Every structure is written in C-alpha cells, then in structure tokens.
Amino acid sequence: MPDHPTPAPSEAVSPSRQALDALAPEAAPACAPSAVALRRQLRRLSQLPEAPWLHQEVARRLAEKLGPIRLTPRDWIDWSAWLGAGAVPVQARYPVAQRWVVEPHAALAARSLQAEAEAAPRGWRTLWRKPDPSERVHTEPVSDPAPWRVPDAQGLQGAQGVQMLWANMALHGASDLPGLLAGWHRHLAVEGFLMCSGLGPDTARELRAVYRGMGWPLPTIDFIDMHDLGDELVRAGFADPVMDMERLTLTWASPQAMLDELRTWGGNVAHGRFAGLRTRAWRDRLLAAIDQHMRQPDGRIALTVELVYGHALKPMPRAKLAPETRVTLADMRQMVRKKGQP
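Quick caveat, the model's predicted, so the values are computed rather than measured.

## Side note on the packing of aromatic side chains
Applying the stated criterion across every chain yields a total of four aromatic pairs. Centre to centre, the rings of Tyr 211 and Trp 216 are 5.3 Å apart; their planes meet at 80 degrees, and the pair counts as edge-to-face. Here Tyr 211 matches Trp 216 in class, with each residue buried. Ring centres of Tyr 211 and Trp 282 lie 6.4 Å apart, and the angle between their planes is 75 degrees; on these two criteria the pair is classed as edge-to-face. Of this pair, Tyr 211 sits in helix H7 (residues 205-214) while Trp 282 sits in helix H10 (residues 280-294), and the two are 71 residues apart along the sequence. We note that Tyr 211, like Trp 282, is buried.

This is the structure we're talking about:
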C-alpha cells in the first residue's frame, strides 16, 4: 500500500484534447481508450478482493464536496458502484435516499449484488433466506459492443429521473465519453446534479517519461483535462459545470510494489499499447529503469496522480429559437410545470 498521499496545490496544464470517441477504432489516436481492452480490464478488476485503495480514497474526497449542495436527493444512481466504492460515504451523507446501482459489466454486477446481500439486515424471519437485491442492481450484457450504454431510465425509478448521479473514478473508463455523459444527463431529473471523478493528464507522468526514454509505447491512455471535461459536460446538456483538480504524490518501497498497486487501478487500455506478451528480460529492464529514474532521495519510488472532479446540473429544458421549433411532450411538461405542482 502507498503512504498517505498529499495533494499539491498547483493546477494541471495540458494540451487541449480532441474528441476521440467519434473516431473509428482504426483512426483513433494511439492513446485513446479501446472498448475491447476496457471490457477485459473490467472483468479482471471484478476479481479483486475489494475496491482499489485509490478509488476508496477518491470516493471519500468526492463525498466531501457534497457539503455545500443544498439539494437532498430522494433517489440517486451509483454508477460503476463496486469499483467506485462510494456507497458508504454517500449513504452517510444521504441515509434515507434510495440508491440505484448501474454496473458496466456482468462480473461487476455480481460483486455489487454480493455486497448488497452482505450489507442487508438479517432478522430471524430471513435467517434462512438469502436476500435478493437484484431489483436494485442493473447491469449491461457482456456482449454489448457499447459497454457504457445506459439502461432505460424507466427500469430504474420512473421517467422523471433521479436527483443525483454519482460516478466515482469512471471518467477514464469510457471509450465513448460523449455518449456516457449524454446517458448520465438522461438519467437525471431536471435540477438534478452530477458528481463525477477520474484521472487527469498528469497521472503517472514519471512512469510515462521512463517509457519515452526507453523508446516504448506509452503505458497509459491520454487522460482528459478538467477544462476539456467541462466543455464536454456543456455539450451533453449540463449547466453550471464546476471543475476541480488536485495532485497526489504516492510512494512505494520498491518498483514492484508500485506496479502491483497500479495493476489494481486497471491496465493499459490504449489502442497503441504493446500487442504481445512481454518477456521477463523486458520486465527486469522496466524495474531497473523505474529504480533509476523514479527513486527519491528518501529511498522510495514516487508517482504523481492527478484527480479530476466534476459537478454539474441538469437545467430546465429550453426550446431552441428557429423558424420551426419542435419539443418532446416530456420537455413541454417540464417547461410549463410550476414548482410545487405535481
């Protein structure tokens, strides 16, 4: 496990990122996420004994940002719940809110179901009957070519949507980020809010430098910058996006300990990753390069992690001005409904 991280106050600066997800896989940049690789990693991560330490820590930090929000949700969606590790801190903040779980992979849905069953109260009447929380856990079929396709909101809690969608450490796990944000927007009720987080572009900059120096393809995808994320949220229909970031410095006793920890966060899912199996000799070269270039004066291996946080609202729908304007019946009802009326 790494030492307790310390945030750095400075803000990340990175080149503007283009919209990658509309490109065909063969045209995607080398550091764009691969949907096939993402599904493979989700299946592997579902076998971890618990959610990654980093995800638990980021969930705690994201939950602290709920303090200034005045709206108390009646219903909320926990997106990619098992890996996101947000159930405990969010339920501590909103103990009576109904929680809905959406998982991007059947193996992760099984872990969420297991966690729900283990957390369910067991009275004497249910002592011999295993709880069945499946009605509150929704999954995507493994064969679905778009692993982040959102289930129908009608199947969750009705057409009006939920008041909060929580998606911890999910931003960098999307091969179709615009589609993912659009799905989140559909799930939210008008004036509902989104809380999301993910890795930013300065993550693993020391390790990326080692790979560049060795002439190898980069070991990570191109993580999204918080300013670009804000632009994507606006394009998806969100209003008043508030972006935040912080850098953590994590340290380990050895290069192998660092690589073992990084493996619990996921793997390299970039299109340009090395396609074959690496040899033991290659791994020895990697460990030696990490030891040479990333060991600090105190003797520990240090790595930067940039965390990006996003908060945004779903505004009241507005009809666009045009010679002919068409609105859906649902949007029309929202536009004419007064506050306090059913």
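## Comments concerning the nonpolar core
Core analysis: the biggest nonpolar cluster contains 46 residues, and Leu 54, Met 164, Trp 166, Leu 207, Met 258 and Leu 303 have the highest contact counts within it. Ranked by residues supplied to this core, first place goes to helix H2 (residues 53-64) with six residues. Dropping the residues within four chain positions of it, Leu 303 is found in contact with Ala 204, Glu 206, Leu 207, Leu 248, Thr 249, Leu 250, Trp 252, Met 258, Leu 262, Trp 265 and Met 294. Counting 26 residues, the second-largest nonpolar core is a separate cluster that includes Trp 100, Ala 167, Ala 170 and Leu 229.

## Comments concerning the pairing of strand E8 (residues 301-313)
Taken residue by residue, a regular strand's side chains alternate between the two faces of the sheet. Within E8, twelve of the 13 residues are buried, which leaves the element mostly enclosed by the surrounding structure. Examined bridge by bridge, strand E6 (residues 188-199) and E8 share seven bridges and lie antiparallel to one another. Within E8, the residue paired with Leu 199 across the bridge is Leu 307. When strand E7 (residues 239-252) meets E8, the two strands line up antiparallel, connected through twelve bridges. If you follow Asp 244 over to E8, its bridge partner there is Tyr 309.

## Comments concerning the pattern of salt bridges
Across all of its chains, the model carries 13 salt bridges by this definition. Close ionic contact of Arg 60 with Glu 57 constitutes a salt bridge, the shortest N to O distance being 2.5 Å. Remark: Glu 57 and Arg 60 occur in helix H2; sequence separation between them is three residues, near one turn of the helix. One salt bridge connects Arg 205 with Glu 206, and the closest N-O pair in it is separated by 3.9 Å. We classify Arg 205 as partly exposed; its relative accessible area is 38%. Members of the salt-bridge network, linked through shared partners, are Glu 57, Arg 60, Arg 61, Glu 64 and Glu 246.

Analysis parameters
- Residues numbered from 1 in each chain as written.
- Predicted model: local features only at pLDDT ≥ 70, side-chain atom pairs only at ≥ 80, totals over all residues.
- Heavy atoms only, no water.
- Phe/Tyr/Trp six-rings, centres within 6.5 Å; stacked < 30°, edge-to-face > 60°.
- Buried < 20%, exposed > 50% of the residue type's maximum accessible area, 1.4 Å probe, protein only.
- Helix = DSSP H or I, 4+ residues; strand = E, 2+ residues; numbered from the N terminus.
- Core = buried A, V, L, I, M, F, W, Y, C linked by side-chain atoms within 4.5 Å.
- Contact = heavy atoms within 4.5 Å.
- Pairing = 2+ DSSP bridges.
- Salt bridge = Lys/Arg side-chain N within 4 Å of Asp/Glu carboxyl O.

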